[in-house]
Amino acid sequence: MTDWAATGAMLQGIGTIVGAFAVLVAARLGKSTFDSWRLQKVTERHLEQAERILTAAYKARRALQYVRGAMMWGHELSAAEEILKGALWWQNQEERRRKRLVTVQAYYERLKRTKAEQDGLNDCLPMARALFGEELEKSIDKLVHQFWIVQVNVESYGDDDSGNDPEFTKQIRRAMYDVSAREGEKNEVSDAINDAMTIIEKTCLPVLRIGSAEKSDTRTYQRAGKAAA
């Protein structure tokens, strides 16, 4: 004779085991889904910041090229002179001194126009260190620092460099002008910019290329799925 009570108890036990197993599987699937979602978000964050940093770096490099442009246009010099004419001490300056000060003021105006590029690069510093490490942070900081280096050398030029120290005079000119160094010489500012950009590109470009490839693979998969349907 069948013991229905025992059978029911056994089935209930089996149901409990199956239920527990289902909960365990669901938990594992849930964790896997969460981990995948988290990884996706982290990847997206890296892509977003890599693009932001690289864009800011390219803009800053172009801004430095603009500031250090060897050609100072007539309208820039005229505008700079108009600014200086408002100063009480201007009339007491010798003609040679005035020309230097006009050039310095023109450089100041160029630097002012690049404030957005400088700020944009500075804003990248916290996330650069958090997501990509100290080396990238230092490279960004080095690139930003070149704006200050240019300004300091422009001010030295305005201090009426007498030319008694030829090497110092050359250093000032190299910082002010984005020109290729002569054979056997170096352009400290240009070299610093290039070194910083090398690290920034080395860090950010691979991230963007991998991200772009993944997006391309996803689109290909989606198109294949639609075609099969």
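Residues numbered from 1 in each chain as written. Predicted model: local features only at pLDDT ≥ 70, side-chain atom pairs only at ≥ 80, totals over all residues. Heavy atoms only, no water.

Chemist: Explain helix 3 (residues 95-113) to me, please; I cannot follow it from the model alone.
Modeler: Along an α-helix, residues three or four positions apart point the same way, because every turn accommodates 3.6 residues. With 19 residues, helix 3 should cover 27 Å at 1.5 Å per step; its first-to-last C-alpha distance of 27 Å lies within 8% of that length. By the burial criterion, the buried members of helix 3 are R98, R100, L101, V102, T103, V104, Q105, A106, Y107, E109, R110 and L111. (Helix = DSSP H or I, 4+ residues; strand = E, 2+ residues; numbered from the N terminus. Expected span 1.5 Å × (residues − 1). Buried < 20%, exposed > 50% of the residue type's maximum accessible area, 1.4 Å probe, protein only.)

Chemist: Mind showing me how you'd approach the packing of helix 4 (residues 115-122) against helix 6 (residues 134-158) here?
Modeler: Closest axis-to-axis distance for the helix 4/helix 6 pair is 9 Å, and the angle between their directions is 155 degrees. Classed by the angle they form, the pair helix 4 and helix 6 counts as roughly antiparallel. For the element pair helix 4 and helix 6, the recorded crossing hand is left-handed. Across from Q118, L121 and N122 in helix 4, the residues of helix 6 making contact are I140, L143, V144 and F147. (Axes fitted to C-alpha atoms, helices over the stretch in contact; angles between N-to-C directions. Parallel < 35°, antiparallel > 145°, perpendicular 65-115°, else oblique. Left-handed = near helix turned anticlockwise from the far one by under 90°. Contact = heavy atoms within 4.5 Å.)

Chemist: Sorry, what's going on with the confidence of the model for the chain here?
Modeler: Detailed reading of the predicted coordinates is not advisable wherever pLDDT falls low. Here the chain averages 80 in pLDDT, while 70% of its residues score no lower than 70. Taken element by element, the predicted model of the chain shows its lowest mean pLDDT in helix 1 (residues 4-67) (67) and its highest in helix 4 (97). Considering only residues more than four positions removed or in separate chains, one finds that residues 216-229, a stretch of pLDDT under 50, has zero contacts. (pLDDT = per-residue confidence, 0-100.)

Chemist: Got a minute to help me understand the environment of K115 in this structure?
Modeler: Mapped onto the elements of the fold, K115 is located in helix 4. Residues K115 and A63 lie 52 residues apart in sequence; the distance between their C-alpha atoms is 9.2 Å. Within polar-contact distance, the side chain of K115 engages the side chain of D119 at 2.7 Å. (Polar contact = N/O pair within 3.5 Å; in protein donor to acceptor, adjacent residues only side chain to side chain.)

Chemist: Just checking my understanding: could you explain the packing of aromatic side chains for this structure?
Modeler: Both the distance between ring centres and the angle between the ring planes are used here to describe each pair of aromatic rings. Scanning all chains against the criterion turns up one aromatic pair. Ring centres of W89 and W90 lie 6.3 Å apart, and the angle between their planes is 65 degrees; this geometry places the pair in the edge-to-face category. Taking relative accessible area as the criterion, W90 reaches 1% and is therefore assigned buried. Just above the ring of Y66 sits the side chain of R110; from NZ or CZ to the centre is 5.4 Å. Of note, R110 hangs over the ring of Y107, and the distance from its end group to the ring centre comes to 5.8 Å. (Phe/Tyr/Trp six-rings, centres within 6.5 Å; stacked < 30°, edge-to-face > 60°. Lys NZ or Arg CZ within 6 Å of the ring centre and 35° of its normal.)

Chemist: So what exactly am I meant to see when it comes to the nonpolar core here?
Modeler: A general tendency of soluble globular proteins is for nonpolar side chains to be buried together. Among the nonpolar cores identified, the biggest contains 41 residues, and I53, L121, L136, I140, L143, I200 and C204 are the most heavily contacted of them. Secondary-structure elements contributing two or more residues to this core are helix 1, helix 2 (74-84), helix 3, helix 5 (125-132), helix 6, helix 7 (166-176) and helix 8 (188-228). By residue number, the principal contributor to this core is helix 1, which donates nine residues. Beyond its immediate stretch of four places on either side in the chain, L143 contacts A57, A60, L64, L121, I193, A196, M197 and I200. (Core = buried A, V, L, I, M, F, W, Y, C linked by side-chain atoms within 4.5 Å.)

Chemist: Would you take a moment to explain the pattern of salt bridges for this structure?
Modeler: Pairing between side chains of opposite charge can happen when their charged atoms approach one another. Overall, the coordinates contain twelve salt bridges when judged by the stated rule. We note a salt bridge from K142 to D195, for which the minimum N-O separation is 3.9 Å. Of this pair, K142 sits in helix 6 while D195 is found in helix 8, placing the two residues 53 residues apart along the sequence. Given a relative accessible area of 43%, D195 falls into the partly exposed group. Among the salt bridges present, the one from E167 reaches R174, with a minimum N-O distance of 3.2 Å. For E167, a relative accessible area of 45% translates into the label partly exposed. (Salt bridge = Lys/Arg side-chain N within 4 Å of Asp/Glu carboxyl O.)

Chemist: It is not clear to me how the packing of helix 3 against helix 4 should be interpreted in this structure. Could you clarify?
Modeler: When two helices pack together, their arrangement is given by the angle between the helix axes and by the axis-to-axis distance. Between helix 3 and helix 4, the least distance of the axes is 4 Å, while the angle of their chain directions is 45 degrees. Taken together, the axes of helix 3 and helix 4 are oblique relative to one another. Across the interface between the two elements, L111, K112 and R113 of helix 3 pack against K115, E117 and Q118 of helix 4.

Chemist: Is there a simple way to think about the environment of A192 in this case?
Modeler: As for its position among the elements, A192 is in helix 8. The class of A192 is buried, set by a relative accessible area of 9%. Separated by 46 residues in the primary sequence, A192 and Q146 have C-alpha atoms spaced 7.6 Å apart.

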